[in-house]
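# Close look at the chain arrangement
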Amino acid sequence: MPVFMADRFLPGITMDQLAAAQKAAIETGTTMTSQGKPVRYLRSTFVPSESRCMCLFEAPNSGNVRELNETANIPFNRIVEAEDLTPA
């Protein structure tokens, strides 16, 4: 299944807020998948010095990723298809 990256600029966000956003992404993905809109949160990388967060999702299309983030009220600048290069 394709992987998409939600690119975020989150100035002033705390680690507790990031953890809450991550939890919301996981829960929203589970709900959407059970409703026939598959999307799964994979992981995030946060760069504190730039207030930038890059979150990876697995989904058949970018629309499901967009809907997850909008439903979970997690701001993003863009959603783009990405390659997940995690070693096997």
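Above this text is the structure in question.
A brief report on the enclosed structure follows. Quick caveat: nothing in here was measured; it's all calculated off a predicted structure.

As a further point, take the side chain of Asn64. Relative to the helices and strands, Asn64 is located in helix α2 (residues 62-71). For Asn64, the side chain forms a polar contact with the main-chain oxygen of Pro38, separated by 2.9 Å. Aside from chain neighbours lying at most four places away, what touches Asn64 is Met32, Lys37, Pro38, Val39 and Ala59.

What follows covers the pattern of salt bridges. A side chain with one charge can pair with a side chain of the opposite charge if their charged atoms come near. Summed over all chains, the structure comprises seven salt bridges. Across the pair Arg40 and Glu58 runs a salt bridge, and its minimum N-O distance is 3.2 Å. Of this pair, Arg40 sits in strand β2 (residues 40-47) while Glu58 sits in strand β3 (residues 52-58), placing them 18 residues apart in sequence. Judged by relative accessible area, which is 46%, Arg40 ranks as partly exposed. Glu70 is the partner of Arg66 in a salt bridge, and the nearest nitrogen-oxygen pair spans 3.9 Å. Of this pair, Arg66 and Glu70 both sit in helix α2, separated by four residues, roughly a single helical turn. Classification of Arg66 by relative accessible area gives partly exposed; the value is 38%. One network of salt bridges, in which partners are shared, links Asp7, Arg52 and Arg78.

Rules of the game
- Residues numbered from 1 in each chain as written.
- Predicted model: local features only at pLDDT ≥ 70, side-chain atom pairs only at ≥ 80, totals over all residues.
- Heavy atoms only, no water.
- Helix = DSSP H or I, 4+ residues; strand = E, 2+ residues; numbered from the N terminus.
- Polar contact = N/O pair within 3.5 Å; in protein donor to acceptor, adjacent residues only side chain to side chain.
- Contact = heavy atoms within 4.5 Å.
- Salt bridge = Lys/Arg side-chain N within 4 Å of Asp/Glu carboxyl O.
- Buried < 20%, exposed > 50% of the residue type's maximum accessible area, 1.4 Å probe, protein only.

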